[in-house]
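Notes for the structure review
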Amino acid sequence: MQHMTMEDMTWVELETAIAKGSRTAILAVASIEQHGPALPLNTDAILGRGLASALAEELGDALVAPVVYPGCSDHHLAWPGTLSVTAEVLGEVVGGVVSCLSKAGFTEIILFPSHGGNFDPLRGALPEIRAMAADAEIVDLLDFRAVLDAWFGVLDRHGYGDRTPPHADIIETSMMMCLAPDTVRSERLERGFVGNPELGDLTGRGLDAFTENGVLGDPRGASPELGRDLLEAWVDYAAGEIRWRRAERPGRDSL
Ligand SMILES: [Zn+2]
């Protein structure tokens, strides 16, 4: 498909694509927040767009919606550049976006966070988001554990045993090396906090209670090859989940 990214299309092209059967929109909800000394503030937005594009390619009948940000990043506010909104505001923004996508003719919206701090707020707002989507089906990919399991499985295969919740670590850095290599300050890759804290503890106390440089895990050893495997593992997980939900849904042919 020539144009898969909605914001780069004209309304005429978009209308034509929807009329020809591209009825699925993929919506990433990202953040603008510190990502350690080596990655830019828009890391989660680049990852969100990259993951959504790879998924659109895999599905074949989907378009990439504009990435939503900022997200819920209060736990990163100790570092400059982080912009954060409340869970209520994020829910309202996402609700407004899905409402417009539904009116444009999309009948299925795949909703996923490309930032860990957005999982709980989006889960909490899901009933309102579904209501705003009207007739469009929301396929929510809001199981953070499932995403982490897919990525940790790749780390295992590559011989990395670390299970620190990922932030500006080997996982995010490798995917950035694959998607936007020029943005990675390779000479600034530094180890951060390594351990296995509760996810709720990280968001509740803030990352500055654990790490000075803003990094969780160790990005050293990151590579574009590892990044490609991580992207593929996420697409496998997401596409599997979507196909399963499509098969369960009455009146829709499974792929
Ligand atoms: Zn991130």
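Quick note: structure is the one above.
Read on for a plain summary of the structure.

Calculation rules
Residues numbered from 1 in each chain as written. Predicted model: local features only at pLDDT ≥ 70, side-chain atom pairs only at ≥ 80, totals over all residues. Heavy atoms only, no water. Helix = DSSP H or I, 4+ residues; strand = E, 2+ residues; numbered from the N terminus. Buried < 20%, exposed > 50% of the residue type's maximum accessible area, 1.4 Å probe, protein only. Contact = heavy atoms within 4.5 Å. 1 Å grid on protein atoms, 1.4 Å probe; cavity = no way out; pocket = protein on both sides within 12 Å on 5 of 7 lines; lining within 4 Å. Points joined across faces, edges and corners; volume = space filled by probe spheres on them. Donors = N, O, S within 2.8 Å, 3.2 Å for Na, K, Ca; no water. Polar contact = N/O pair within 3.5 Å; in protein donor to acceptor, adjacent residues only side chain to side chain. Lys, Arg positive; Asp, Glu negative; His and termini not counted. Salt bridge = Lys/Arg side-chain N within 4 Å of Asp/Glu carboxyl O. Nonpolar A, V, L, I, M, F, W, Y, C, P; charged D, E, K, R; others polar. Pairing = 2+ DSSP bridges. Axes fitted to C-alpha atoms, helices over the stretch in contact; angles between N-to-C directions.

Topologically, Thr5 is positioned in the segment before α1 (11–19). When its relative accessible area of 14% is taken as the criterion, Thr5 is described as buried. What Thr5 contacts, discounting residues up to four positions off in sequence, is Arg49 and Val64.

This paragraph deals with empty space enclosed by the protein. One pass over the structure, following the stated rule, counts two cavities of 30 Å³ or more. In this structure, the largest cavity encloses a volume near 40 Å³. Around the largest cavity, the lining residues are Phe152, Leu155, Asp162, Thr164, Pro166, Asp169, Ile170, Ile171, Leu216 and Gly217. If you list the elements that add at least two residues to the lining of the largest cavity, you get α5 (144–157) and α6 (170–179). In this structure, the second largest cavity encloses a volume near 40 Å³.

This part takes up the coordination of the zinc ion. The coordination sphere of the zinc ion contains the protein donors His35 (NE2), Asp44 (OD) and Glu172 (OE), at a distance range of 1.9 to 2.1 Å. Here the donor residues of the zinc ion share one chain and are spaced in sequence as H-x8-D-x127-E. Of this pair, Asp44 sits in helix α2 (residues 43–59) while Glu172 sits in helix α6, placing them 128 residues apart in sequence. Glu172 gets classed as buried once you look at its relative accessible area, which sits at 9%.

Within the secondary structure layout, Thr24 lies in strand β1 (residues 24–29). Here Thr24 falls in the buried class, since its relative accessible area comes to 1%. For Thr24 and Gly200, which are 176 residues apart along the polypeptide, the C-alpha to C-alpha distance reads 33 Å. At 3.2 Å, the side chain of Thr24 and the side chain of Arg246 are in polar contact.

Structurally, Pro127 can be placed in helix α4 (residues 119–132). For the pair formed by Pro127 and Gly91, sequence separation is 36 residues and the distance between their alpha carbons is 9.9 Å.

This brings us to the side chain of Glu172. Salt bridges are absent for the buried Glu172, whose nearest opposite-charge side chain, Arg185, sits at 13 Å. A distance of 2.7 Å separates a polar atom in the side chain of Glu172 from the backbone nitrogen of Ala168. Every residue in contact with Glu172, bar those within four places of it in the chain, is listed here: His35, Leu39, Asp44, Leu47 and His167.

Once that is clear, we can look at the layout of surface pockets. A volume near 670 Å³ is recorded for the largest pocket. Around the largest pocket, the lining comprises 41 residues; the ones closest to its centre are His115, Gly116, Gly117, Phe119 and Phe144. Elements with a contribution of two residues or more to the lining of the largest pocket: α2, β3 (108–113), α4, α5, α6 and α7 (199–205). Within the lining of the largest pocket, the residues separate by chemical class into 21 nonpolar, 13 polar and seven charged.

The subject of this paragraph is the sheet that holds β3. Within the open sheet, the four strands sit side by side as β2-β1-β3-β4. Their pairing is parallel. Every other strand in the sheet has two partners, leaving β2 (62–64) and β4 (137–140) as the edge strands with one partner each. Across the sheet, the axes of successive neighbouring strands diverge by a mean angle of 25°, strand direction being ignored. Across four bridges, the pairing between β3 and β4 is parallel. Within the sheet, the bridge partner assigned to Leu111 lies in β4 and is Asp140. Relative to β4, α4 is tilted by about 165°, and along the sheet it contacts β1, β3 and β4.

With respect to burial, β3 is a largely interior element, six of its six residues being buried. Because side chains alternate across β3, one face comprises the buried residues Glu108, Ile110 and Phe112, and the other comprises Ile109, Leu111 and Pro113, equally buried. Bridging between β1 and β3 involves six bridges; their strand directions are parallel. In the sheet register, Leu27 faces β3, and the bridge partner there is Leu111.

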